[in-house]
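As a plain string of letters, each chain reads:
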Amino acid sequence: MPTDEDFADDFRGSELEAVGVSAWFGKRKVLQRVSLTMPPGSVTALIGPSGCGKSTFLRILNRMHELVASASLAGEVLLDGVDVYEPGGRITETRRRIGMVFQKPNPFPAMSIADNVTAGLKLTGAKASRDEKHHLIEQCLTKAGLWKEVRDRLKQPGGALSGGQQQRLCIARSLAVRPDVLLMDEPCSALDPTSTRRIEETIAELRDEVTIVIVTHNMQQAARVSQQCAFFLAEDGTPGQIVEAGPTRDIFDDPVDPRTADYVNGRF
Ligand code: ADP
Ligand code: MG
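Going by the annotation in an unreviewed UniProt entry, the name recorded for the chain is Phosphate ABC transporter ATP-binding protein, with Kibdelosporangium phytohabitans given as the source organism.

Within the chain, the secondary structure is distributed over 10 helices and 10 strands. Expected size for 268 residues packed as a compact globule is a radius of gyration near 18 Å; at 18 Å, the chain falls within 12% of this value. Reported as C-alpha extents along the three principal axes, the dimensions of the chain are approximately 55 × 45 × 35 Å. Going through the 268 residues of the chain one by one, you find that 43% of them count as buried. Within the chain, residue pairs in contact and separated by at least 24 positions form 70% of the contacts whose partners lie at least 6 positions apart.

With eight bridges connecting them, strand β1 (residues 16-25) and strand β4 (residues 71-79) associate as antiparallel partners. Directly across from A23, in β4, lies its bridge partner L73. Of the strand pairs in this sheet, β4 and strand β5 (residues 82-83) are connected by two bridges, and their pairing is antiparallel. Paired with L78 across the strands is D83, a residue of β5. What sits between the antiparallel neighbours β4 and β5 is a turn of two residues, in which D80 has the positive phi angle 50 degrees.

With that out of the way, let us pick up the site of ligand 1. As a structural note, the neighbourhood of ligand 1 is formed by F25, V30, S50, G51, C52, G53, K54, S55, T56, V68 and P239. Of all the elements, helix α1 (residues 54-61) adds the most residues to the shell around ligand 1, at three residues. Classifying every residue of the shell around ligand 1 gives five nonpolar, five polar and one charged.

As a further point, take the sheet that holds strand β2 (residues 28-38). Spatial strand order, β2-β1-β4-β5: four strands in an open sheet with antiparallel pairing. Edge positions in the sheet fall to β2 and β5, since each has one partner strand and no second. Strands in contact with α1 are β1, β2 and β4; relative to β1, the strand with the most contacts, it is inclined by about 120 degrees.

Attention now goes to the sheet that holds strand β3 (residues 43-47). Taking strand neighbours across the sheet as the criterion, the six strands line up as β6-β7-β8-β3-β9-β10 in an open arrangement whose pairing is mixed. Taken across any chain shown, the strands that pair with only one partner, and hence form the sheet edges, are β6 (98-101) and β10 (238-247). For this sheet, the mean inter-axis angle between neighbouring strands, taken without regard to orientation, is 20 degrees.

This paragraph deals with the packing of helix α4 (residues 130-143) against helix α6 (residues 163-176). Packed helices, taken two at a time, are described by their axes: the angle between them and the distance between them. In the contact formed by α4 and α6, the axes pass within 8 Å of each other and the chain directions differ by 125 degrees. For the element pair α4 / α6, the angle class is oblique. Where α4 crosses over α6, the two elements pack in a sense that is right-handed. Facing α4, whose interface residues are L136, C140, L141 and K143, α6 presents A172, L175 and A176. Looking at side-chain class alone, the contact of α4 with α6 contains six nonpolar, no polar and one charged residues.

An ideal rise of 1.5 Å per residue puts 20 Å on 14 residues; α4 measures up with 20 Å between its terminal C-alpha atoms. Within the span of α4, buried status applies to L136, I137, Q139, C140, L141 and K143. Close packing links the buried residues of α4 with α3 (113-124), α5 (147-150), α6 and α7 (193-206). Directly beyond the C-terminal end of α4, a positive phi value near 75 degrees is found at G145.

Conventions used here
- Residues numbered from 1 in each chain as written.
- Chains lettered and ligands numbered in written order.
- Predicted model: local features only at pLDDT ≥ 70, side-chain atom pairs only at ≥ 80, totals over all residues.
- Helix = DSSP H or I, 4+ residues; strand = E, 2+ residues; numbered from the N terminus.
- Rg over C-alpha atoms; globule rule 2.2 N^0.38 Å.
- Buried ≥ 20, exposed ≤ 12 C-beta atoms within 10 Å, placed from the backbone.
- Contact = placed C-beta atoms within 7 Å.
- Pairing = 2+ DSSP bridges.
- Near = placed C-beta within 6 Å.
- Nonpolar A, V, L, I, M, F, W, Y, C, P; charged D, E, K, R; others polar.
- Axes fitted to C-alpha atoms, helices over the stretch in contact; angles between N-to-C directions.
- Parallel < 35°, antiparallel > 145°, perpendicular 65-115°, else oblique.
- Left-handed = near helix turned anticlockwise from the far one by under 90°.
- Expected span 1.5 Å × (residues − 1).

Quick look at the structure:
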């Protein structure tokens, strides 16, 4: 059961590092020895055209890639220096530490807002009293920027919320198991501009305590929320190459590769 101390101010998330990661679906190679360090206390944006391997890369980071029967991979993913693919490594614990939010908000629609937030605790086996649960629900909904809107309707079903609220509920649910890293795959693509702004505000506040990796097609969003950017490309039918990665300011204002300049300026 997470306590306030687990969310203490000096908590800065974990370092996540991909080292020479290659991935295949069957015989088709879709990631080409990708290496990227995602430092604590930061937001890393993964940008690049559709089909270039961003979602695959994200799913490898928390061991979801291996859920696809035809999938295989090589290389290492290190969480605070420990390989999450180490034989005997605990998959459930890895997925607890590395949470995921998807493009389409996916709360449990018939489950109450409150129960949605605590749904992940069952998987971790954490025991919590009613008071502890209530405190956690308020804390996580507050962090996700949703508490004020739902505090009087916690028993209503998650499916009754608007799309943007559902996405923030999903973020709250991810936070309840106290992740070190939060992976977000186009979390705003299905949302209106106001909801998008709320999510961006939430990301900005969370980055002090959770390492965030976000896939986005919105270049302004990448520029606003991230400190680091990695530009993925599929060239000559070969997806999964990082053309350039570095501080967001450099990627936008002073990119090394002309293909990066073209992409971030919409000349693709
Ligand atoms: P992005 O998120 O950048 O759009 P993806 O990671 O989804 O790219 O896809 C990378 C490549 O892997 C694409 O060529 C895609 O068709 C292929 N791919 C993705 N998921 C699967 C899957 N489950 N089975 C087979 N191929 C897949
Ligand atoms: Mg994708």
